[in-house]
Amino acid sequence: MEYGYAQKRTKTSSLPITPVPALRCSSESCRDTLNLAVYKTSTYNAKNWDLHSKWVDVNIQSIPVTGCFRTEMPFIFRLPCNARKHGLMILITGASGQIGVDLADVLVERHGDDQVLVTDLRIPELQRSGRSYDVLDVTYMESVEKIIQAHDVHTIFHLAGILSATGERHPELAWNVNVNGVRNILEAARRFDCKVFWPSSIAVFGPTTPKDDTPQETVTEPGTMYGATKVTGELLCKFHATHHGVDVRSVRFPGIVSHSAPPGGGTTDWAVDMFFEAVRNGRYECFVTEDTRLPMMYMPDAVKSVLDLMDAPNTSLTVRTSYNIAAFSFSAGELASALKKYVPAFECTYAPDYRQEIANSWPLSINDERARRDWQWMPEYDLDAMVQDMLHHVREKVARESANSADNQ
Ligand SMILES: NC(=O)c1ccc[n+]([C@@H]2O[C@H](COP(=O)([O-])OP(=O)(O)OC[C@H]3O[C@@H](n4cnc5c(N)ncnc54)[C@H](O)[C@@H]3O)[C@@H](O)[C@H]2O)c1
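Just so it is clear, the model here is predicted, and its values are computed rather than measured. (Residues numbered from 1 in each chain as written. Predicted model: local features only at pLDDT ≥ 70, side-chain atom pairs only at ≥ 80, totals over all residues.)

Participant: In this structure, what is going on with the overall build of the chain? I would like to understand it.
Facilitator: Along the chain, the regular secondary structure elements total 11 helices and 18 strands. In the chain, which comprises 409 residues, the proportion classed as buried is 42%. Across the chain, the fraction of contacts at a sequence separation of at least 24, relative to all contacts at a separation of at least 6, is 77%. (Helix = DSSP H or I, 4+ residues; strand = E, 2+ residues; numbered from the N terminus. Buried ≥ 20, exposed ≤ 12 C-beta atoms within 10 Å, placed from the backbone. Contact = placed C-beta atoms within 7 Å.)

Here's what the structure looks like:
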């Protein structure tokens, strides 16, 4: 039987927690111990079993397995319960970022506004009406624990992070947020029995990794600090899954193209910028060369991958670091040509900067057979479908911006 630490987390949370030394089974042949903080029953109604809560309160003298445990003390303790109460919360960190904004929309649509806790260091540019935003800095363990306890969180989508280009300019910040942040989340997930999604990246691969059809298990020797933080994060996930039973799931995202929120300082931002500049100005100066080819994905598929993976039965998952996933690859020149089909006057020029070197170290295409086999991963958008959908949304957005700026003049 699985035991959990009793937490100050439900209706009974006003009761003082009394940490006790591990209760040891009194039978010579049994080495079982019960490592629990327990609540004193003196002020608690021990009959109040709540099977819809995440924790079942159990009077210690009445648990079947504890025929072993002899105690006259009026303690209760809490067992994790499979039945999830609907009122328990989903926490999103980094929710004002490129992925967080879209993922929050879908999670709110699925579960309702009052079930999704949207947090970041900053408020997003485009705020959704009726949605409240909480400030959470994931580098502070105390804040992470407080918010999980206070809101009875059961699932965490941990998206707070520093992206590749920003990470190379601020390596200490990248390490602090990407490594200490993920460690805090995993440690809190262990203590409070939360399920976690955390995104890794194709940046775990480096110059020594096979570039074509990059396998799931291969060399991960990135030349960037961002890549190093993602490799470390993957290993932390694996450690917490295998040593502590934390149900943490992860994918290695390729570059993501989206229109809702601006990209946050990545090496593939050119793919998003090109759409906006094509619609706004009819031209774009790209910061990588025309033949720079990278694995990419459209945001609806990225969000779908998160939900599909989180919905998959735990038993079908065979990767506890991070799953390779892929949709398509294109070069900057190929995207420019695809755009020209719908914006014939569009001109793209190329002026590579420091991000070229990062792009050169990443794979050209990704093998995602394991994700397809284990949790039936399947993207829905190809390049042309993405270009048409992006253009539709970017045109709407740019038209709204123009109307707003005309109103303000
Ligand atoms: N967008 C991509 O193409 C891509 C590709 C691969 C992996 N990823 C990963 O996905 C995750 C989300 O990426 P994104 O594109 O949404 O990034 P983003 O930069 O758009 O958003 C990240 C968010 O994290 C927040 N943040 C930064 N430091 C924080 C802290 N200390 N505490 C709380 N919040 C903090 C930022 O304010 C920002 O809103 C990251 O881990 C990133 O590495 C993204």
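Participant: Whenever I open this one, the sheet that holds strand β15 (residues 293–298) confuses me. Can you help?
Facilitator: Paired through their backbone hydrogen bonds, the strands of a sheet run either parallel or antiparallel. With mixed pairing, 3 strands are arranged side by side in an open sheet as β13-β15-β17. Both edges of this open sheet fall to β13 (255–257) and β17 (328–331), since each of them pairs with a single strand only. Between one strand axis and the next, the sheet turns through 50 degrees on average, direction left out of account. Sheet analysis places β15 next to β17, joined by 4 bridges and oriented antiparallel. In the sheet register, P295 faces β17, and the bridge partner there is S329. (Pairing = 2+ DSSP bridges. Axes fitted to C-alpha atoms, helices over the stretch in contact; angles between N-to-C directions.)

Participant: So what exactly am I meant to see when it comes to the pairing of strand β8 (residues 116–120) here?
Facilitator: Two faces, one strand: in a regular strand the side chains alternate between the faces of the sheet. With 5 of its 5 residues buried, β8 lies for the most part within the structure. Across the two faces of β8 the burial is the same, with V116, V118 and D120 and L117 and T119 all buried. Pairing of strand β7 (residues 89–93) with β8, which is carried by 3 bridges, proceeds in the parallel orientation. Its bridge partner being in β8, L91 is matched across the sheet by L117. Pairing geometry for β8 and strand β9 (residues 133–135), over 3 bridges, is parallel. Within β9, the residue paired with D120 across the bridge is V135.

Participant: Help me understand the environment of R252, please; the structure alone is not making it clear to me.
Facilitator: Mapped onto the elements of the fold, R252 is located in strand β12 (residues 248–253). Sequence-distant contacts of R252, that is, excluding residues within four places in its chain, are made with S200, S201, I202, V204, S322, Y323, N324 and I325.

Participant: I'm lost on helix α4 (residues 171–192) in this one. Help?
Facilitator: In an α-helix, one full turn covers 3.6 residues, which means residues spaced three or four apart are oriented alike. A rise of 1.5 Å per residue sets the reference length of α4, with its 22 residues, at 32 Å; its end C-alpha atoms lie 31 Å apart and thus fit the reference within 8%. Where α4 is concerned, the buried positions are A174, V177, N178, G181, V182, N184, I185, L186, A188, A189 and F192. As for α4, its buried residues are in contact with α2 (141–151), β10 (153–158), α3 (164–169), β11 (195–201), α5 (225–244) and β12. (Expected span 1.5 Å × (residues − 1).)

Participant: Can you help me understand the site of the ligand in this one?
Facilitator: As a matter of local geometry, the ligand sits amid 29 residues, with G94, G97, A160, G161 and G264 nearest to it. Those elements that provide at least two residues to the shell around the ligand are α1 (98–111), α4, β11 and β13. For the shell around the ligand, the element with the highest residue contribution is α1, accounting for 3 residues. The residue inventory of the shell around the ligand, partitioned by class, reads 12 nonpolar, 14 polar and 3 charged. (Near = placed C-beta within 6 Å. Nonpolar A, V, L, I, M, F, W, Y, C, P; charged D, E, K, R; others polar.)

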